[in-house]
Amino acid sequence: MTDDTLPDPAADPLADPLAWRPLKAPSLAEFEVIATEAFRKLPRHFRDRCDGVVVRVEDYATDEVLDSMGIASELDLMGLFQGIGLPFQSESAPVQMPNMVWLYRVPILLYWAEHEETLGSVVTHVLVHEIGHHFGLSDEDMEALEASVE
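Now for a description of the structure that goes with this document. Model, not experiment: these values are computed from the prediction.

### Observations regarding the side chain of Arg105
Assignment of secondary structure puts Arg105 in helix H4 (residues 105–114). Within the structure, Arg105 has its side chain in polar contact with the backbone oxygen of Pro26 (distance 2.6 Å). In contact with Arg105, other than residues within four places in its own chain, are Ala25, Pro26, Ser27, Leu28, Phe31, Val57, Glu58 and Asp59.

### Thoughts on the sheet that holds strand E2 (residues 79–82)
Across a sheet, strands are paired by hydrogen bonds formed along the backbone, either parallel or antiparallel in direction. Read from one edge of the open sheet, three strands run E1-E3-E2, paired in mixed fashion. Edge strands, defined here as strands with exactly one partner in the open sheet, are strand E1 (54–58) and E2. Here the average twist between neighbouring strands, direction ignored, is 20 degrees. Pairing between E1 and strand E3 (residues 100–104): five bridges, direction parallel.

The rules we used
Residues numbered from 1 in each chain as written. Predicted model: local features only at pLDDT ≥ 70, side-chain atom pairs only at ≥ 80, totals over all residues. Heavy atoms only, no water. Helix = DSSP H or I, 4+ residues; strand = E, 2+ residues; numbered from the N terminus. Polar contact = N/O pair within 3.5 Å; in protein donor to acceptor, adjacent residues only side chain to side chain. Contact = heavy atoms within 4.5 Å. Pairing = 2+ DSSP bridges. Axes fitted to C-alpha atoms, helices over the stretch in contact; angles between N-to-C directions.

Here it is in structure tokens:
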């Protein structure tokens, strides 16, 4: 390799592999900021119907969750909706725990590292998919919603 085929670090500082050394994966707190921003960018009518939905970020799903879903590896689950979706709620039902969306940081980061998407778009995809379960949306509805955000 000649000097003229190497990337110019002045033009793109991250083109130099050594420039990446001080960078790190986002912490849980930083990941929550990314998730909050992804949620904020969703259409208002979608966000308004999420009143009371709690979004949580953890490194991995619990063993109990993985076992209940028949998932062998903690790396295979990027997100989860827990609760009763809007179409299934009723006024006469007893008071329930709030609906929750879980985003699992490490599996999302691994997916991101292996694909050509931005981290924000991966987080948005998982967030929309899980909130979509709250609405009882089909996969096609979720894809259309994601397309409206991009």
